[in-house]
Structure formats: C-alpha cells, structure tokens
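Understanding the architecture of this molecule
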Amino acid sequence: MKATPHIEVTEEGKIAKTVLMPGDPLRAEYIAKTYLENVEQFNHVRGMNGYTGTYKGRKISVMGSGMGMPSIGIYSYELFKFYNVENIIRIGSAGAYDPNLDLFDVVIAKEAYSESSYALTQAGETRNVLSGSEELAKKLLNIAKEKGIKTHYERIHSSDVFYREGPSIVEKMYEENKCVCVEMESFALFHNANVLNKKAACLLTISDSLVKHTE
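1. Notes on the environment of Ile 31
- In this fold, Ile 31 is placed in helix H1 (residues 25-35).
- The class for Ile 31 is buried, based on a relative accessible area of 14%.
- Ile 31 sits 51 residues away from Phe 82 along the chain, and the two C-alpha atoms are 24 Å apart.
- The residues touching Ile 31, leaving out its near neighbours within four places in the chain, are Pro 22, Leu 36, Val 62 and Ile 91.

2. A word on the nonpolar core
- One finds Ile 15, Met 63, Leu 79 and Cys 181 to be the most contacted residues of the largest nonpolar core, which totals 38 residues.
- Of all the elements in the fold, those that place two or more residues in this core are strand E1 (18-21), helix H2 (69-82), strand E5 (87-96), strand E6 (106-113), helix H3 (118-123), helix H6 (186-195) and strand E10 (199-209).
- The contacts of Cys 181, once residues within four sequence positions are left out, are Ala 94, Gly 95, Ala 96, Tyr 97, Leu 101, Val 107, Arg 155, Ile 156, His 157, Leu 204 and Ile 206.
- Counting 15 residues, the second-largest nonpolar core is a separate cluster that includes Ala 32, Leu 36, Tyr 51 and Ile 91.

Rules used in this analysis
- All chains use their own residue numbering, which begins from 1 and follows the written sequence.
- For a predicted model such as this one, the threshold for reporting local features is a pLDDT of at least 70, and the threshold for listing and counting side-chain atom pairs is 80 or more; totals across whole chains, interfaces and linings nevertheless cover every residue.
- For side-chain calculations, the full set of non-hydrogen atoms in the structure is used, while hydrogens and water are omitted.
- We count a stretch as a helix when DSSP gives it H or I for four or more residues in a row; a strand needs E for two or more, and each element gets its number in order from the N terminus.
- With a 1.4 Å probe rolled over the protein chains alone, any residue whose accessible area is under 20% of its type maximum counts as buried; one over 50% counts as exposed, and the rest are partly exposed.
- Two residues qualify as a contact provided that any one of their heavy atoms is within 4.5 Å of a heavy atom in the partner residue.
- Only buried residues count toward a nonpolar core. Its members are Ala, Val, Leu, Ile, Met, Phe, Trp, Tyr and Cys residues joined through side-chain atoms within 4.5 Å.

Right, dumping it as structure tokens:
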C-alpha cells in the first residue's frame, strides 16, 4: 500500500472499514478524542486530520472532508478506492428549507439533489438526484429510534454555493425539488459510493433555518 496525494497512510489496517466524515478536521479531532479509545492519528496532510480508534470495542475512523463536493470527492474516493473503506457516514450541519424543521433537528439523507456537475464530470452520470445506501440509513434510523432521537428521513439539497446572489431559491427547492434542507457534500459522496460499489450515508443537524431566519 502506498500513500495517495492526500492521505499519507502506507500500512494496512490504519484506517477502519467505517469512516465518519465531518467537514471540519478539528471536529474530527474532537470526535476522536472525546468518543474513541486508543486513538491514533493517521493523516496530517494539508491539515485534514484523520484518526482511528475504538468505540465500545469496534474499530472506527473519523476524518475531515473539507467543504464542498470537490473536497469530499477527493477524500471519499481515495478512502473507498485505495484504502478499502466500505462505509462512509458524512456527519455535518445543514440549513433548513422545510418550515417544520427546527434548530438541532436531525436529518438522515434519503437522497441528494444537486445542480452540481460533479457526477457528470467524474463518470458521465446525468441524474441530478442520487441515493445513499438504504441499508446504512436504516441502521442509523434504527439506532436513533432506540435512543429516542427524532429523525427526518428526506431528500436534501447539495449545493456548490454557500453565498448565493440573486433571488431566493428556498421555496423552489422545497416545493418543486422536495428538498428539506441544504448542505454541500452528500451528492458527491453518494456518487463515489455508487460508482465504487461502496456504502455512504449522511447524518445532518439543522444549524440554521432559511425560512424562519434562526441560527
């Protein structure tokens, strides 16, 4: 095994089969050092920290993805393709389009809609709605139910743009495209999982509402 341009690991077993991916590498560090035991850092390249440890005896890795589809596209592809990772779960924040979503509500992405050209450019994929792993999503839903955490299993919007000029698209995205919230990574993650025959899921917390203007 040799290092990729973005991940410095050269030994088998340094990265677990299941990887949690927040956008922020410092959030990855916090998760690893707060929730995992026997933590070992496996990546420092470009400050995109990655860690492996155990949670209740199970080997888990957590690594930052950076912001946007090109960034998570690189890291998730390398993890899937070159490091034999089987499952990647994006854990991040989102802005609500659905007026029924409140701050701190949890959304598990059933599928992701995007105007992005990522999938088209990467593999000629022409669909603008891509699904994650139903199996992985169902596991997340079942665990949330056991823990009494209310979740929403819905379509989300993966946007290439954080600061958007011009008229609001909130109403169109919610009413026409059936997207309940917006983030910036899951469409590319789902695409990479689909083309490489891997599993991906997305677990989001509502950090702000674009309808109620709360944050």
